[in-house]
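# Overview (structure and organization)
In case you want the letters, here they are:
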Amino acid sequence: MEYAHGDDYEGLVSDRGESSRRVEASADKPVLSNQGTLAAPAASAAPVIPADSTTSAAFAPDSAPASADVQDDATPIQSRDGEVAAGIPVPHGCVVLAATPIGNTGDASLRLIALLQQADIVAAEDTRRLYDLARRLGVHVNGRVVANHDHNERQKADSLLDEVEGGATVLLVSDAGMPTINDPGLAIVRRAIERGLPVTCAPGPSAVLDALALAGLPTDRFCYEGFVPRKASDREQRLRSLHNEMRTMVFYEAPHRIDETMDALLAAFGPDRQMALCRELTKDYEQVRRGTIRQVRQSVVDDPPRGEIVLVIAGASTEEVNEASAEVLTDEQLAHLAQERSKAEGIRMKDAIAEVVKEHPLPDGSFPNRKKVYQASLSLK
């Protein structure tokens, strides 16, 4: 079900495995939903995807481990090499980008398993995590394993592509989710395109799409903005520049920065913009907090979230865009406004200019140059 900007968004609770239902929500609390305990996979000749069970509680206390390395279960999914991969074609002379589980081992595809078994080379963001995933899947990695991460992928690209040119299958995986999406892989893809070598994908889990689907916000048009900038000034400018973005926006954030980011969201988009905070997606303690920015921000203060976080922010309405789309003021116009404020409030011209400039950010989120506005104000005298 899709929800327009004006719908009663705060009243939605959805538990995975149950139909969505309406409940009463207070004015200062977001609506929360969380997933029940995942059933442990049974051993079999092929991977068994754990079945979800649900709870009737609207919210369970935060007790998830802080480390993102902890998976949803410790029981390996049993598979016998050759049986699972049988009948699943693996391309030769090709780079294959394969998505790995973002938390729940049961989300691994049979195609991923076949690729892990049969690829000539596996380029992994962290080789230790790759072997741990293979262990949990009950898969033996037969090909050569190499490290491919942000610090070395440019140097590794051509040597790996030389292998592809010789007919090898090079499997590229990140620690979780799809390579190239805030993960290594883009350098190899670009270089493969330049060299005219084939690249394909084995799609699968994606935190961006998972959060977008669970947020209950419009999905017909959305933009992915990656991690919120760490530096305060960069973060504030980036968010200000998105104030008039009409598409649903998706961000990644770390739990130790969520307080600062929620304050920045409040300043950039106001208290009433709808949003969802999704944490620990696909894991035992998966939770989605839905509501206004004010409500979700307060929930972060009252109950700090742990684990990996994805933020989904509603786009601006047509009315908001029309209100904010006034003509960008010139330095002379800003100087005139500052002069009027200085006289009306009895404050220094310098202080009036600082206030006026801050109230009129440019479309890219930056502010007009105060020195230029001051120079313009001198001509008014």
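Relevant structure appears above.
Being a predicted model, the structure only gives us computed values, none of them experimental.

### Here's the deal with the pattern of salt bridges
For the structure on display, the rule yields 21 salt bridges. Of the charged contacts in the structure, one is a salt bridge between aspartate 158 and arginine 195, with a shortest N-O distance of 2.9 Å. Note that aspartate 158 is positioned in helix H3 (residues 153–165) and arginine 195 in helix H4 (residues 186–195), a separation of 37 residues in sequence. Look at aspartate 158 and you get partly exposed, because its relative accessible area is 30%.

### A closer look at the environment of alanine 147
With respect to the helices and strands, alanine 147 occurs in strand E6 (residues 144–147). Assessed through its relative accessible area of 28%, alanine 147 is described here as partly exposed. Residues alanine 147 and valine 122, spaced 25 residues apart in sequence, show a C-alpha to C-alpha distance of 8.5 Å. Beyond its immediate stretch of four places on either side in the chain, alanine 147 contacts Ala124, Thr127, Asn152 and Lys156.

### Here we look at H4
By the burial criterion, the buried members of H4 are Ala187, Ile188, Val189 and Ala192. Contacts from the buried residues of H4 go to strand E4 (94–98), H3, strand E7 (169–173) and strand E8 (199–202). After H4 finishes, the residue glycine 196 shows a positive phi value of roughly 70 degrees.

### Digging into the sheet that holds E6
An order of E6-E5-E7-E4-E8 is seen for the five strands of this open sheet, with the pairing classed as parallel. Of all strands in the sheet, those with a lone pairing partner are E6 and E8, marking the two edges. Pairs of neighbouring strands in the sheet enclose a mean axial angle of 25 degrees, with direction left out of account. As paired elements, E4 and E7 share four bridges and run parallel to each other. Within E7, the position partnered with valine 96 by the bridge is leucine 171. Along the sheet face, helix H2 (residues 127–137) touches strand E5 (121–124), E6 and E7 and points at about 140 degrees away from the line of E6.

### Points about the packing of helix H10 (residues 331–345) against helix H12 (residues 370–380)
It is the contact of H10 with H12, at a shortest axis distance of 8 Å, that shows an interaxial angle of 70 degrees. Classified by the angle their axes make, H10 and H12 are roughly perpendicular. Regarding H10 and H12, the two cross each other, and that crossing is right-handed. For the pair H10 and H12, the contacting residues are Asp331, Glu332, Leu334, Ala335, His336 and Gln339 in the first and Lys372, Val373, Ala376, Ser377 and Leu380 in the second. Classifying every residue of the contact of H10 with H12 gives five nonpolar, three polar and three charged.

### Quick notes on H10
Between the first and last C-alpha of H10 there are 21 Å, a value that for 15 residues agrees with the 21 Å anticipated at 1.5 Å per step. Residues Leu334, Ala335, Ala338, Gln339 and Ser342 constitute the buried set of H10. When H10 is viewed along its axis, its buried side chains cluster within an angular range of 140 degrees and face the same direction. Within H10, the exposed residues directed more than 90 degrees away from the buried face are Lys343 and Ala344. In this structure, the buried residues of H10 make contact with helix H11 (349–359) and H12. Backbone geometry just after H10 places glycine 346 at a positive phi near 65 degrees.

### Notes on the packing of aromatic side chains
With the rule as written, the count across this model stands at two aromatic pairs. Between tyrosine 224 and tyrosine 252 the ring centres are 5.3 Å apart and the planes differ by 65 degrees, which places this aromatic pair in the edge-to-face class. Placement of the pair is tyrosine 224 in strand E9 (residues 222–227) and tyrosine 252 in strand E10 (residues 248–253), with a sequence separation of 28 residues. In this structure tyrosine 224 comes out as partly exposed when scored by relative accessible area, which is 28%. We classify tyrosine 252 as buried; its relative accessible area is 13%.

### Here's the deal with the nonpolar core
Grouped together as the largest cluster of nonpolar side chains are 24 residues, with contacts concentrated most on Val122, Leu171 and Val173. Only E4, helix H1 (110–118), E5, H2 and E7 provide two or more residues apiece to this core. With five residues, H1 is the largest single contributor of residues to this core. Excluding its chain neighbours within four sequence positions, the residues that come into contact with valine 173 are Ala98, Thr100, Leu112, Val122, Ala123, Ala124, Glu125, Leu130 and Pro179. Of all hydrophobic cores here, the second largest spans 20 residues; its members include Leu242, Met262, Ala268 and Phe269.

### Details of the pairing of E6
Sheet topology places E5 next to E6; four bridges connect them, and they run parallel. Bridging across to E6, alanine 123 finds its partner in valine 146. Between E5 and its parallel partner E6, the chain crosses via H2, and the hand of that crossover is right-handed.

### Things to note about the environment of threonine 261
By secondary structure assignment, the location of threonine 261 is in helix H7 (residues 258–269). When the C-alpha positions of threonine 261 and arginine 297 are compared, they lie 9.3 Å apart, and in sequence the two are 36 residues distant. With near-sequence residues (within four places) excluded, threonine 261 lies in contact with Val228, Arg235, Glu253 and Leu311.

### Some details on unusual backbone geometry
In this model, threonine 180 sits at a positive phi of 80 degrees, which is unusual for a non-glycine residue. In this fold, threonine 180 is placed in the loop between E7 and H4. Note on threonine 180: relative accessible area 27%, which makes it partly exposed. Positive phi, close to 75 degrees, is recorded for threonine 282, a residue that is not glycine. By secondary structure assignment, the location of threonine 282 is in the loop between strand E11 (274–279) and strand E12 (287–292).

Criteria and thresholds
- Residues numbered from 1 in each chain as written.
- Predicted model: local features only at pLDDT ≥ 70, side-chain atom pairs only at ≥ 80, totals over all residues.
- Heavy atoms only, no water.
- Salt bridge = Lys/Arg side-chain N within 4 Å of Asp/Glu carboxyl O.
- Helix = DSSP H or I, 4+ residues; strand = E, 2+ residues; numbered from the N terminus.
- Buried < 20%, exposed > 50% of the residue type's maximum accessible area, 1.4 Å probe, protein only.
- Contact = heavy atoms within 4.5 Å.
- Pairing = 2+ DSSP bridges.
- Axes fitted to C-alpha atoms, helices over the stretch in contact; angles between N-to-C directions.
- Parallel < 35°, antiparallel > 145°, perpendicular 65-115°, else oblique.
- Left-handed = near helix turned anticlockwise from the far one by under 90°.
- Nonpolar A, V, L, I, M, F, W, Y, C, P; charged D, E, K, R; others polar.
- Expected span 1.5 Å × (residues − 1).
- Arc of directions from axis to C-beta.
- Phe/Tyr/Trp six-rings, centres within 6.5 Å; stacked < 30°, edge-to-face > 60°.
- Core = buried A, V, L, I, M, F, W, Y, C linked by side-chain atoms within 4.5 Å.
- Right-handed = clockwise from strand over helix to strand, strands pointing away.

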